[in-house]
Structures are given as structure tokens and as C-alpha cells.
Amino acid sequence: MAAPLTLLLIVAVTIRAALFRSSLADLISERVEVVSPLTAWKRVVEGLALLDLGVSPYSGDVFHETPLIIYLFHFLVDYAEITFMLADIITAVALYIAVTDYNKQVFRKQKFVLAADRFPHDCHELIRSPTEMYYIPLKVAMFYLLNPFTILSCVAKSTCGLNNAVISVFILSTIKGNVLLSAIFLALATYQSIYPVTLCAPALLYLMQRQYIPVNFRRVSFWWFIAQYAFMYLGSLFVIICLSFFLLGSWDYLPSVYGFILSVPDLTPNIGLFWYFFAEMFEHFRLFFLCVFQINVFFYTIPLSVKLKEHPVFLIFMQLAVISIFKSYPTVGDIALYMAFLPVWSHLHRFLRNIFLVSCVLLACSALFPVLWHLWIYAGSANSNFYYAITLLFNVAQILLVSDYFYAFLRREHHLTYGLYLKRKDGSEATLVLK
């Protein structure tokens, strides 16, 4: 598989290098679907200019990235294009290795269950074959590197690509069973954008599964492992935050980065759900609805963790999707990360109900974003309602996509337990209903 992966990397780098040299690069870097007030390269450049003048980049309302990002590009600003291409390569290779390792574990577990004859006899057609699973890691890397959303994000030099690289290395560390590296990279991902803290639950479930620690609140081993992971995670986060303070010499970045993410003061249009709603909001209702909107990202973690405690990798996929839909400043780069996992669940296609409709809606919305933006901003023949309508439809399609995969996953697991062809007590065919 090394040769196809190498060829894929060469093709991906060639496409990005060609676009970087084209006249489209400046146009792409201005697109509100691709960059946000948090991730825009133009804002990083302005922050670097302030830093070079001896002024804190957080003294105004321009720069909202973390101190580590600005100090990284303080040294690499002349190699920014290479840095962003390298970030995409790291993400793809990390996902490739992680999925390869995960598939091996799935196959070993499946082989053990087959040997123990625990599967119902009528569901052998649901069993995954090694041939079917062989090309999945390559497809995952391809889905990420050749996804137009990823390419656009890279060409726009959106710092979302760096966040994706950190999250992908966290996923790799978790699947490899490295507790310390998992905690460190989760802390780094949380430091970058807060929301990845919800990935702590699937990481803990997976690592406990690897170490044969049962999820039992009465067991000391359960709480001891959580305490160990929490210590490593919080310790890493504390070190990173203190390092940022020593680099910057002040705590100005805390309200400028995390306060900005949580309070959503910049209502620049994007593909998220916040901007239009809060632009129309009466000021005295703002705090209440801000809490309601922000809690969405964190609220689903508990019920999903309870339902998917035996399947933490699918839980990671679900959490990444929830973050990309409900975060305050989403971009297409966030969507590309969770969509890269779709080939991992290719065996669920027979149970998907709305995949064709949802795919058509996502493609149509992606094409209509620039059209409605042009009609609103340049032609003046439309207004913000048109653009927000397509944004709302795009997010509804994402929710339908994720919920469809969730339904398909649960249905397959049900069939693997109770059989593929369900019968009522009177012998007639039964219908499975998800409640």
C-alpha cells in the first residue's frame, strides 16, 4: 500500500501547488465558507505585523488565533504554503495508519466472535472480509486529500488545516493505545479551539477497552484510569497555556481567543448557525441563547457515549461531526475531517436510508454558496435571508447524514445480535424501528 499512498500524496501536493500559483488563490482566501475570523490567513499576517512592531497581536480585534500559531509562523511565514501542505499530508498519513490499525483490531475481534459461533446464522452476509477492508485506509486518505473542501482550506491557508493535523495525530495516538501522547495531543487540540475537549470521552472509552478496564462506576480501576488520563491531559494543557504566557508575556490571549469563540462577537457570515441568528437577536436575550447554542456541542457527548460505549471509534466520528456542525465559527475544513471517515463505514451502506438525497443536497448547497453570496453582496438582488437559508439547508443535510449513519450503525449491530431476518411471534416478518 506504500506505492498507492505515495502516488496519492504526490497528486495531492501537485494540485495544491498548482492552485497556490494560480490567480484563484487570492479569491479562495477571501471566501467566507473557507476561512473564518479565527482561521483566516490575512488575520495571521496582521498579527505577525503587530508582533514585529512590538505590539501585542491581541491588543485590537483582528487576531484571534493562539500564541503558538503566531510564533510558529513567526519563523515559518516564508514557508507558509509548504507548512499547510505538510499539515494535510500529516493528517492523511495519520488517518491512514490509524484506520489500518483499527481495521486489524476489528478483524481480530470479528474472527474471535466467529470462532465462538456468537453471530446468528442468517447474518453472515454482514461479516466484513479482509479484501473489503484492505483498501479502506487508502480511501480514507483519498477522501481527505482530494476532498475539494480540504483543497480549498489548504489553498486559503486556513489554520483549520493545522487543527485537523493535531486532531488526526490525537486519533492515531489513541488507536495505537499511547495514553500519554493521546492526552498531550487532545490538550493541544483543546488549546486550539476548546471544542475537541468532547473527544475526551471516546478516547477514554477506547483506551480502557484496549487495557481491558470495564466501564463500571464501582470499580477502582475505572476511576484510577480516568484520574491518570485527566492528570496527563490537564497537566499538558496547563504547560501549553503557561508556555503561551511566557512567549507573549501576558494573558491577553485568553479573552481574545477563548472569549471570542464562546461569546461570538464577530458576526461575519459563515456556514454556521450562529451569525444570522445573533445578528437579529435583541441584546437582552443574547446571553441566554448564546448558552443554548454553545451547549449543543457539549450536550450530545453524554448520551452518545452511553449508547456507543462499546464503539468508541464510531463515537469519535460522531463527535467530530457534531463539533463541525455546532461550533461557532465552522469552515469547510472542519467538515472535511469527519467526512474522511465515511469509507470506514462503507459496510453500512445497505442500511442507509437517505444517502442519495443528502448527497445531492450537500452538493447543491456547496454550489449555491458562492452564487447566493454574489447575489447578496455584489449584485444586490438578494439579501442575508437567502444566504442563511442555504446555510441552514447545508447544516440540516449534515445532520441527516450523520443521523443516517448513526441509525445504520445501530441497525447493523442489532442484526449481528438478533439476526438479519427478524420474525414476529406469529412467524410474520418484523419491522425494526429505531426509537
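Residues numbered from 1 in each chain as written. Predicted model: local features only at pLDDT ≥ 70, side-chain atom pairs only at ≥ 80, totals over all residues. Heavy atoms only, no water.

## What about the pattern of salt bridges?
Inspection of the entire model under this criterion finds 11 salt bridges. Linking R43 and D266 is a salt bridge whose minimum nitrogen-to-oxygen distance equals 3.3 Å. Here R43, found in helix 3 (residues 41-52), pairs with D266, found in the loop between helix 13 (253-263) and helix 14 (274-279); they are 223 residues apart in sequence, far enough to count as distant. As a salt-bridge pair, R128 and E132 come within 3.8 Å of each other at their nearest N and O atoms. Given the relative accessible area of 4%, R128 is considered buried. What emerges from the salt-bridge pattern is a single network uniting D101, K176 and R210. (Salt bridge = Lys/Arg side-chain N within 4 Å of Asp/Glu carboxyl O. Helix = DSSP H or I, 4+ residues; strand = E, 2+ residues; numbered from the N terminus. Buried < 20%, exposed > 50% of the residue type's maximum accessible area, 1.4 Å probe, protein only.)

## Here we look at helix 20 (residues 384-418)
Over its 35 residues, helix 20 runs 50 Å from end to end, which matches the ideal 51 Å to within 8%, given 1.5 Å per residue. With a side-chain oxygen positioned 2.9 Å from the backbone nitrogen of N385, the residue opening helix 20 is N383. Backbone geometry just downstream of helix 20 places G419 in the positive-phi region, at approximately 105°. (Expected span 1.5 Å × (residues − 1). Polar contact = N/O pair within 3.5 Å; in protein donor to acceptor, adjacent residues only side chain to side chain.)

## Concerning the side chain of N296
Summarising the element assignment, N296 is placed in helix 15 (residues 286-299). At a separation of 3.2 Å, a polar atom in the side chain of N296 contacts the main-chain carbonyl oxygen of V292.

## Digging into the packing of aromatic side chains
Under the definition given, this model contains 42 aromatic pairs. Centre to centre, the rings of F277 and F278 are 5.8 Å apart; their planes meet at 75°, and the pair counts as edge-to-face. Among the residues examined, F277 registers a relative accessible area of 30% and is labelled partly exposed. With relative accessibility at 4%, the residue F278 sits in the buried group. One aromatic cluster is present, built from ring pairs that chain together F149, W275, Y276, F369, W373, W376, Y387, Y388 and F394. Between R353 and the ring centre of Y407, over which it is positioned, the NZ or CZ distance is 3.8 Å. (Phe/Tyr/Trp six-rings, centres within 6.5 Å; stacked < 30°, edge-to-face > 60°. Lys NZ or Arg CZ within 6 Å of the ring centre and 35° of its normal.)

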